[in-house]
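# Residue-level structure breakdown
Spelled out, the chains give:
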Amino acid sequence: MTIPRRVRIYEVGPRDGLQNEPSVLPTPTKLEYIALLRAAGLREIEATSFVSPKAMPQLADADELMRAVASPGAGGDVRYPVLVPNERGMARAEAAGARAIAVFTAASDEFTRRNIGMTIDESLAAFEPVLRRAGELGWWRRAYVSTAFGCPFTGRVGVERVIDISLRLAELGADEICVGDTIGVGVPSQVHELTGRLVDAGIELDRLAYHFHDTRGTALANVLAGLEDGISCFDSSTGGTGGCPFAPGAAGNLATEDLVYMLDGMGISHGVDLAGVFAAARFIAAALGRPLASKVGQAGGWDPRTGGQLL
Ligand code: COA
Ligand code: ZN
């Protein structure tokens, strides 16, 4: 398999990046962050979650935020998926003007129960009407399989489990299956195995995406493994923020600037401007009152395309 010449960078900063933060950012600050992400060239920005505000107070402004994001003039060429756990969330997403959703389950029953109060089977049953409705509306539909490389409560996860759940989500109509290493325990050989098995099971390569956390420093190595497998969509969070409050130790999504740096250096196109990502990363780090988590953000200085000075 040859490495794709072009990939999609799916930005999860406004959702995954903010959901684990102790502080709750004001809606205008989030909107400014999203505007900076858009200005950096990101065209898929997961905006928020229509979940219980009690479960996720950081994203309790989802209705107001999405209304602003979906308003004319806020970037019609950008896809803003929102997380939806059930029909209630779908109704809210519809009312707020969303046009793309992501449903989310996991490869571990225990994690799924703690995250959304359902078993995996129950979650798939809850998603069925949600995905159907979104399909009727012509929305883009993503489905996450979290904890695919390991569960914080029950340990290792079998590949068969991930394949079985992915196939069922594909059958329910998901346009894209995003396989997540929620607690950042996976390594490249496991990525190769999983991609190979998913494709053998009948899930097309261009229907697969990977979501890596850099908790143990393996996220970029795992992206490279995915690229070698022919995967062309990767998730990242500008500033390297994020994690799941229901997954102990799930710190740090792969930072968008680290991903962009590597792709730029490899000559893989993606449409995102590294300097623009830096601007958004600095903005969100300042808003959250903490230093940049990304390697590239800490080092700076080197344009991977030219070797010249950057920023
Ligand atoms: N939006 C807003 N409120 C919702 C909702 C939604 N989509 N779904 C349920 N609720 C409300 C209910 O009305 C109820 O409110 P009440 O306590 O005032 O009566 C409360 O949430 C609990 O609802 P219930 O149906 O009993 O479900 P639950 O307590 O088992 O919670 C979820 C299920 C999915 C709503 C909840 O676990 C959740 O929102 N989890 C989010 C997890 C998440 O975002 N994780 C990060 C992504 S990895
Ligand atoms: Zn994540």
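Placed above this text is the structure.
Residues numbered from 1 in each chain as written. Chains lettered and ligands numbered in written order. Predicted model: local features only at pLDDT ≥ 70, side-chain atom pairs only at ≥ 80, totals over all residues. Heavy atoms only, no water.

## Some points on the overall build of the protein
In plain terms, the rule: Secondary structure counts use DSSP, requiring at least four H or I residues in a row for a helix and at least two E residues in a row for a strand, with both numbered from the N terminus. Here the globule rule reads 2.2 Å times residues to the power 0.38, and the radius of gyration is calculated from C-alpha atoms. Note on exposure labels: buried denotes an accessible area under 20% of the residue type's maximum, exposed denotes more than 50%, and partly exposed covers the range between, all computed with a 1.4 Å probe on protein chains only. Shrake-Rupley sampling with a 1.4 Å probe provides the accessible areas, and residues are treated as covered by the protein chains on show and by no other component. We count Lys and Arg on the positive side and Asp and Glu on the negative side, and we leave His and both chain ends out. Every charge is mapped onto a representative atom, which is NZ of Lys, CZ of Arg, CG of Asp or CD of Glu.
A tally of helices and strands in the protein yields 12 helices and 10 strands. Scaling as 2.2 N^0.38, a compact globule of 311 residues should have a C-alpha radius of gyration of about 19 Å, and the protein matches this with 18 Å. By principal-axis analysis of the C-alpha atoms, the protein measures approximately 50 × 45 × 35 Å. When each of the 311 residues of the protein is scored for burial, the buried share is 57%. Summed over all atoms, the accessible surface of the protein reaches about 11800 Å², with 53% contributed by carbon and sulfur. Side-chain charges of the protein comprise 29 positive and 37 negative groups, with the mean position of each set lying 3 Å from the other.

## Section: helix H11 (residues 274–288)
The test is simple: To estimate the expected span of a helix, count its residues, drop one, and scale the result by 1.5 Å. In what follows, a contact means two residues having at least one pair of non-hydrogen atoms within 4.5 Å.
With 15 residues, H11 should cover 21 Å at 1.5 Å per step; its first-to-last C-alpha distance of 21 Å lies within 8% of that length. When we look at burial in H11, the residues that qualify are Leu 274, Gly 276, Val 277, Phe 278, Ala 280, Ala 281, Ile 284, Ala 285 and Leu 288. Tucked inside the fold, the buried residues of H11 contact helix H1 (13–19), helix H2 (27–39), helix H10 (256–266), helix H12 (295–299) and strand E10 (309–310). Looking at the residues trailing H11, positive phi occurs at Gly 289, about 70°.

## Considerations on the site of ligand 1
Rule in force here: Each residue is tested against the molecule or strand, and it is near if at least one of its non-hydrogen atoms lies within 4 Å. Pairs of N or O atoms within 3.5 Å make up the polar contacts considered here, provided that, within protein, one atom can donate a hydrogen while the other can accept it, and that residues adjacent in sequence are counted only when both atoms are side-chain atoms.
For ligand 1, the set of nearby residues contains 20 residues, the closest of which are Ser 52, Lys 54, Arg 88, Arg 92 and Asn 115. The separation between a nitrogen atom of ligand 1 and a polar side-chain atom of Arg 92 is 2.8 Å. One nitrogen or oxygen atom from the side chain of Asn 115 is found 2.7 Å from a nitrogen atom belonging to ligand 1. Look at ligand 1: alone it shows 930 Å² of surface, and the protein chains cover 65% of it.

## Notes on the coordination of the zinc ion (ligand 2)
Heads up, the condition is: Distances up to 2.8 Å from the metal define which N, O and S atoms are donors, and 3.2 Å serves for Na, K and Ca; water is absent from the atom set, so sites may look incomplete. Angle rules define the geometry names used: all angles between 85 and 135 degrees makes four donors tetrahedral, while opposite donors over 155 degrees apart and all other angles between 65 and 115 make four donors square planar and six octahedral, leaving every other case irregular.
Coordination of the zinc ion (ligand 2) by the protein is provided by Asp 16 (OD), His 211 (NE2), His 213 (NE2) and Asn 253 (OD1), with metal-donor distances spanning 1.8 to 2.3 Å. Each of the 4 donor atoms around the zinc ion (ligand 2) contributes to a set of angles spanning 83 to 149°, which defines the coordination as irregular. For Asn 253, a relative accessible area of 3% puts it in the buried group.

## Brief notes about the nonpolar core
Just so we agree on the cut-off: To define a nonpolar core, start from buried Ala, Val, Leu, Ile, Met, Phe, Trp, Tyr and Cys residues and group those joined through side-chain atoms within 4.5 Å.
Formed by 99 residues in total, the largest nonpolar core has its most connected members in Ile 101 and Val 179. No other element matches helix H6 (residues 120–136), which puts 7 residues into this core. Other than its neighbours up to four places away in sequence, Ile 101 contacts Pro 81, Val 82, Val 84, Met 90, Val 130, Leu 131, Ala 134, Trp 139, Trp 140, Arg 141 and Arg 142.

## Thoughts on the pattern of salt bridges
Stated formally: Only one rule defines a salt bridge in this text: a Lys or Arg side-chain nitrogen within 4 Å of an Asp or Glu carboxyl oxygen.
For the structure shown, the criterion picks out 24 salt bridges. Among the ionic pairs, Asp 121 bridges to Arg 168, the shortest N-O distance being 2.6 Å. Here Arg 168 lies in helix H7 (residues 159–171) and Asp 121 lies in helix H6, a separation of 47 residues in the sequence. We classify Arg 168 as partly exposed; its relative accessible area is 28%. A salt bridge links Glu 136 to Arg 133, with the shortest nitrogen-to-oxygen separation between them at 3.4 Å. Here Arg 133 and Glu 136 lie together in helix H6, a separation of 3 residues that amounts to about one turn.

Function cannot be read off these values alone, since they describe shape.
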